[in-house]
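Residue-level structure breakdown
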Amino acid sequence: MQHVNCFTTFLRDTVNLSEARLSLLAQRVEAIYQALKANPELGPLILGKKPQGSWAQRTIINPQGDKEFDADFMLHLQEVSEWAQSPKTYIDQVYAALHRHSVYKDMPHTRKCRCVQLTYANSMHVDIVPYVRLADGREVIVNRDNGEWEVTNPAGFTAWMQEKDAIANGNLRKVIRLMKYLRDHRNSFTGTRSIILTTLLGERVQHAVPLMRPGCYGNVPTTLLTIVEDLDVWMQARPVKPSIPDPSGSGLTFDHRWDQTTYAYFRARIHTHARQIRAAYDETDPDASVRLWRELFGSRFPEPARLPASSTTPAASPKFPVAPLVIAPSRRGRAG
């Protein structure tokens, strides 16, 4: 059974980062931005800011236990010709501006490969990612480890996400959050980065799919079933790690963000989850179905509200066709 209301509650109360935390995040990012703007050396170079990553794409979720949640924002800086031979100078200058600030100098802050990370005491850190629009038109961020520019296209990625989410009737982002919850809170497919997970799930959403399977993106559990089964079919046909192009059109790939071992583990876990989701979805007994959903998502997946005895006859859910699931040899243990 689909238990649509249970998924709504589960997302709202357990999976999604709360509105209070999102509001706090926005306030802190604005405070950081204003502090950097006020810096006499860096401030005149700052042209703007915008969210990045899961915050920008609305796929951010609650962290596990007392772990930190993080959010990125891009700091648009003017190109400086004197720094052309040393792109890492942009990161160094952001770091130095924080280091001189009366408040942020006493907070943990460090330089990472592509950002400056500022850590708060209450389970949160913010990554500040400098980016520059070069004279030749390229939008670039800094790879400090290599001392090189990396082409980026955040607007293109956002447009891709919006298109895919619209095809899925607004359910793609919710499915991505559910799958990130499986990874982070159920310790499934550890090692697969969010950008790869988002891309692989999003690329399975196609205009042609609902033409062949009407209703396949009709609600959250049905969209979850559709996308995970389609991803399983795609991955079972690819035992060797495939190349994952950046869907923003930057011309780059995400291939360096995982290896064959990580891919093989992820592929096996998706095969298992596809079967678990199908079993829970097709189970007609309400209690048994909830039990199967809870085996997948854990005990925080809610039970449905009990109706009065006079109205206990459940409405029949529309039957959803079985996708051409690839059957792989059974495996023992967690991966199988």
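Anyway, here's the lowdown on the structure attached to this text. Remember, it's a predicted structure, so these values are computed and weren't measured experimentally. (Residues numbered from 1 in each chain as written. Predicted model: local features only at pLDDT ≥ 70, side-chain atom pairs only at ≥ 80, totals over all residues. Heavy atoms only, no water.)

A short note on the overall build of the chain
- A count of helices and strands for the chain gives 11 helices and seven strands.
- Relative to its length of 336 residues, the chain is compact, with a C-alpha radius of gyration of 22 Å against a globular reference of 20 Å.
- Considering only C-alpha atoms, the chain reaches an extent of 70 × 45 × 35 Å along its principal axes.
- Contacts spanning at least 24 positions in sequence make up 67% of the contacts within the chain whose residues lie at least 6 apart.
- Roughly 15800 Å² of accessible area belongs to the chain as shown, and the carbon and sulfur atoms make up 51% of that amount.
- Each charge class in the chain was averaged separately, 42 positive and 34 negative side chains, and the resulting centres sit 3 Å apart. (Helix = DSSP H or I, 4+ residues; strand = E, 2+ residues; numbered from the N terminus. Rg over C-alpha atoms; globule rule 2.2 N^0.38 Å. Contact = heavy atoms within 4.5 Å. Areas by Shrake-Rupley, 256 points an atom, 1.4 Å probe, with all protein chains shown as cover. Lys, Arg positive; Asp, Glu negative; His and termini not counted. Charge placed at Lys NZ, Arg CZ, Asp CG, Glu CD.)

Looking at the pairing of strand E6 (residues 139-143)
- Across the five residues that make up E6, a large majority, five, are buried.
- Alternating positions in E6 separate into two faces, Glu139, Ile141 and Asn143 on one and Val140 and Val142 on the other, with burial throughout.
- Inspection of the sheet shows strand E5 (residues 124-133) paired to E6 by three bridges, in the antiparallel sense. In the strand pairing of E6, Val132 is matched with Val140.
- Sheet topology note: the E6/strand E7 (residues 148-151) ladder contains four bridges and is antiparallel. Bridging across to E7, Val140 finds its partner in Val151. (Buried < 20%, exposed > 50% of the residue type's maximum accessible area, 1.4 Å probe, protein only. Pairing = 2+ DSSP bridges.)

What to know about the side chain of Asn39
- Secondary-structure assignment places Asn39 in the loop between helix H2 (19-38) and strand E1 (46-52).
- A polar contact of 3.4 Å, which involves the side chain of Asn39, links it to the side chain of Arg100.
- Not counting residues up to four positions away in its chain, the partners in contact with Asn39 are Pro44, Ala97 and Arg100. (Polar contact = N/O pair within 3.5 Å; in protein donor to acceptor, adjacent residues only side chain to side chain.)

As for the pairing of strand E4 (residues 116-120)
- Of all five residues in E4, five are buried; the element is thus mostly enclosed.
- Alternating positions in E4 separate into two faces, Val116, Leu118 and Tyr120 on one and Gln117 and Thr119 on the other, with burial throughout.
- By the bridge criterion, three bridges tie strand E3 (residues 109-111) to E4 in an arrangement that is antiparallel. What sits directly across from His109, in E4, is Leu118.
- Counting the residues between successive antiparallel strands, the hairpin from E3 to E4 contains four residues.
- Across five bridges, the pairing between E4 and E5 is antiparallel. By the bridge assignment, Thr119 is partnered in E5 with His125.
- Connecting E4 to the antiparallel partner E5 that follows it, the hairpin turn spans three residues, and Ser123 within it adopts a positive phi of roughly 60°.

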